[in-house]
Amino acid sequence: LGTGLSGIALLPLLGLLQETVRGAGLASEVALGHSTPPVALLQVLIPDLFGPLSDPVQTFWGQAFFPRLPYFLSLYLGPLVLALAFAGLPELPRRVRVAVVVLGLLGVWFALGKAGGLAPLLMPLLRLVRYPSKSWLLPYLAVTLCAGLGAAALFTGRRWQRFALACLGLAAASSLMAAGYGYGAE
């Protein structure tokens, strides 16, 4: 019923959309220019990787990777959210868990644009998706769903061992990255 009622408004708009720049789709070079470079994946764990978010326009040093400010100024999730998501993943039924993980990974793969190889293949089919970096919403949805389930599991006394294992692994990874980048050096 809802789809039928919304169709009354959406069908004329879809007809108009084809006559706009967005409906025609952007050139592949323009759309793929807003991809996420692989080095930006580190930003999931390292806050302010491309400069402080308090003043992103003046202090953004990521010009080497982005032709202009990226679609998302930060991809930071942090170790706590990732550990909660790792703890909550087994709370999903197996089929749903596989679907959530696969869709999350496909979102990251598509966001990488030319570097990932998936976006150039799919952009002609997904003309309404202007920039591959928008697909970051899929892995964020997967992570937040699992993090919520992880928090609920910890609250009821389950999954503490899995949460602690994830915290240790992420702390080690963060320490190695910090050491590699010279953070904390006087």
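Residues numbered from 1 in each chain as written. Predicted model: local features only at pLDDT ≥ 70, side-chain atom pairs only at ≥ 80, totals over all residues. Heavy atoms only, no water.

Considerations on the confidence of the model for the protein
Condition: Note on scores: pLDDT gives the predictor's confidence for each residue, bounded by 0 and 100. Secondary structure elements follow DSSP: runs of H or I no shorter than four residues count as helices, runs of E no shorter than two count as strands, and numbering proceeds from the N terminus.
Averaged over every residue, the pLDDT of the protein is 83; the share at 70 or more is 83%. Across the protein, the secondary-structure element scoring lowest on mean pLDDT is helix H2 (residues 21-24), at 63, and the one scoring highest is helix H8 (residues 137-155), at 96.

Regarding the packing of helix H5 (residues 79-88) against H8
Formally: Axis angles are defined between N-to-C directions and span 0 to 180 degrees, where every axis is a line fitted to C-alpha atoms and, for a helix, only to the segment in contact. Each angle receives one of four descriptions, namely roughly parallel if under 35 degrees, roughly antiparallel if over 145, roughly perpendicular if within 65 to 115, and oblique otherwise. Whether two residues touch is decided by their heavy atoms; if any such pair falls within 4.5 Å, the residues are in contact. For this classification, the nonpolar set comprises Ala, Val, Leu, Ile, Met, Phe, Trp, Tyr, Cys and Pro, the charged set comprises Asp, Glu, Lys and Arg, and every other residue, Gly included, is treated as polar.
The geometry of H5 relative to H8 is characterised by a closest axis approach of 6 Å and an angle of 75 degrees between their N-to-C directions. When the axes of H5 and H8 are compared, the pair comes out roughly perpendicular. Contacts between H5 and H8 involve Val81, Leu82, Leu84, Ala85, Ala87 and Gly88 on the former and, on the latter, Val143, Cys146, Ala147, Leu149, Gly150, Ala151 and Leu154. Partitioning the contact of H5 with H8 into residue classes produces 11 nonpolar, two polar and no charged.

What to know about the nonpolar core
For clarity, the threshold we go by: Throughout, nonpolar core names a set of buried Ala, Val, Leu, Ile, Met, Phe, Trp, Tyr and Cys residues whose side chains join them through atoms within 4.5 Å. Classification of residues uses two cut-offs on accessible area relative to the type maximum, computed with a 1.4 Å probe and protein chains only: under 20% is buried, over 50% is exposed, and between them is partly exposed.
One finds Val44, Leu82, Trp136, Cys146 and Phe163 to be the most contacted residues of the largest nonpolar core, which totals 29 residues. Counting only elements with at least two residues in this core, the list comes to H5, helix H6 (94-111), H8 and helix H9 (160-181). Not counting chain neighbours up to four residues away, the residues in contact with Trp136 comprise Thr36, Leu41, Val44, Phe72, Leu75, Val108 and Ala111. With five residues, the next largest nonpolar core counts Leu32, Phe110, Leu118 and Ala119 among its residues.

Let's talk about the packing of aromatic side chains
Note the threshold: Paired rings are identified among Phe, Tyr and Trp, the last through its six-membered ring, by centres lying within 6.5 Å, and are further divided according to the angle between planes into stacked (under 30 degrees), edge-to-face (over 60) and tilted (the rest). By the criterion adopted, a ring carries a charge over it if an Arg CZ or a Lys NZ lies within 6 Å of its centre and within 35 degrees of its normal.
Summed over the entire model, instances satisfying the criterion amount to two aromatic pairs. Note on Trp136 and Tyr140: the rings are 6.1 Å apart at their centroids and 90 degrees apart in plane angle, and the pair reads as edge-to-face. Geometrically, the ring pair formed by Trp160 and Phe163 is edge-to-face, given 5.9 Å between the ring centres and 90 degrees between the ring planes. Of this pair, Trp160 and Phe163 both sit in helix H9, separated by three residues, roughly a single helical turn. By relative accessible area, which is 46% here, Trp160 ends up partly exposed. A residue is classified by how much of its surface remains accessible, and Phe163, at 13% relative accessible area, is buried. The ring of Phe86 has Arg162 lying over it, and the distance from NZ or CZ to the ring centre is 3.8 Å.

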